[in-house]
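Spelled out from the first residue to the last, the chains are:
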Amino acid sequence: MSSLTHFDEQGQAHMVDVSAKPATLRVAVAEGRIRMAPQTLRTIAQGSAGKGDVLGVARIAAIQGAKRTADLIPLCHPLPLSKVAVELTCDEQLPGVVCRVTAQTVGPTGVEMEALTAVQVGLLTVYDMCKAMDRGMTITDVGLLEKQGGRSGHWKRDDDAPSG
C-alpha cells in the first residue's frame, strides 16, 4: 500500500504527516455540471426561482464548502485558504449550470479536495433550491481540471488520456 499515502505500513488509515514539506503556493481548479430541464434553467437565468437568487446562493455555498472540507473528508488537513473563486455559468446546450472553482493556499499540501468539495456543494445547492420544479436534475462530470504547486508541480487534465 506504499503508493496510497493515507495508509501506513500495516494498512491502517492515517492523516499524512506534511510537517517536513515546505509551504508553497498551491492552486487547484475543479469543475462540474448539473443537468436540468430547459425551463428550470430559464427560471435560474431569469432570477425568478421561488427561493431567490439560485446562482448567488450556490456561489456562497461553494465557498463555504471549500472552507469546511476538512470537516467533511476525514483525512484532509485543515487549510488556510487564501482564495476561493466560484464561476457559475448557465449553459443552454447542456441544459444546465456549470460550476468552476479555483482554490488557493500557501501551505505544505494541495487544495484539490477543497476545489472538488466546493464544486459539489455549489451544485447540490442549485439542486436544493430548484428541486421543487425539477427533481430529475443530475450532477455530473465533477473532476479536477488543474493543480499547481508542491513536489509534483503543475498538472493539467488531458481529456484524451485516461485518469491517473
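Everything in this summary refers to the structure shown in the same document.

The rules we used
- Residues numbered from 1 in each chain as written.
- Predicted model: local features only at pLDDT ≥ 70, side-chain atom pairs only at ≥ 80, totals over all residues.
- Heavy atoms only, no water.
- Core = buried A, V, L, I, M, F, W, Y, C linked by side-chain atoms within 4.5 Å.
- Buried < 20%, exposed > 50% of the residue type's maximum accessible area, 1.4 Å probe, protein only.
- Helix = DSSP H or I, 4+ residues; strand = E, 2+ residues; numbered from the N terminus.
- Expected span 1.5 Å × (residues − 1).
- Contact = heavy atoms within 4.5 Å.
- Salt bridge = Lys/Arg side-chain N within 4 Å of Asp/Glu carboxyl O.
- Pairing = 2+ DSSP bridges.
- Axes fitted to C-alpha atoms, helices over the stretch in contact; angles between N-to-C directions.

Formed by 30 residues in total, the largest nonpolar core has its most connected members in M36, I44, V97 and V101. Elements supplying a minimum of two residues to this core: β1 (24–35), α1 (38–46), α2 (54–67), β2 (81–91), β3 (96–107) and α4 (112–130). Take this core: its biggest share by element is seven residues, from α4.

Let us look at α2. Count 3.6 residues to each turn of an α-helix, and residues three or four apart come out pointing the same way. A rise of 1.5 Å per residue sets the reference length of α2, with its 14 residues, at 20 Å; its end C-alpha atoms lie 20 Å apart and thus fit the reference within 8%. Where α2 is concerned, the buried positions are V54, L55, G56, A58, A61, A62, G65 and A66. On its buried face, α2 sits against α1, α3 (69–72), β2, β3 and α4.

Another point: the side chain of T102. Counting through the fold element by element, T102 comes out in strand β3. Setting aside chain neighbours within four positions, we find T102 in contact with V27, A28, V29, K83, V84 and A85.

Oppositely charged side chains are able to pair whenever their charged atoms sit close together. Under the defined criterion, the tally for this structure stands at five salt bridges. Ionic pairing is found between R33 and E31, a salt bridge with its closest N-O pair at 3.1 Å. The class of R33 is partly exposed, set by a relative accessible area of 22%. A salt bridge links D71 to R68; the nearest nitrogen and oxygen atoms lie 2.6 Å apart. One connected set of salt bridges, linked through shared partners, spans E31, R33 and R100.

The subject of this paragraph is unusual backbone geometry. L94 connects to P95 through a cis peptide bond whose omega is -25°. With phi around 55°, D141 is a residue other than glycine that occupies positive phi space. Structurally, D141 can be placed in strand β4 (residues 138–148).

Topologically, M133 is positioned in the loop between α4 and β4. For the pair M133 and D159, spaced 26 residues apart in the sequence, the C-alpha separation amounts to 33 Å. Sequence-distant contacts of M133, defined by excluding residues within four places in its chain, comprise T40, T43 and A49.

The next point concerns the sheet that holds strand β5 (residues 155–156). Spatially, five strands are ordered β2-β3-β1-β4-β5 in an open sheet, and the strand pairing comes out antiparallel. With one partner strand each, in any of the chains shown, β2 and β5 form the two edges of the open sheet. By the bridge criterion, twelve bridges tie β1 to β3 in an arrangement that is antiparallel. Bridge pairing in β3 links R35 to G96. Strands β2 and β3 of the sheet are contacted by α1, whose axis makes an angle of about 125° with β2.

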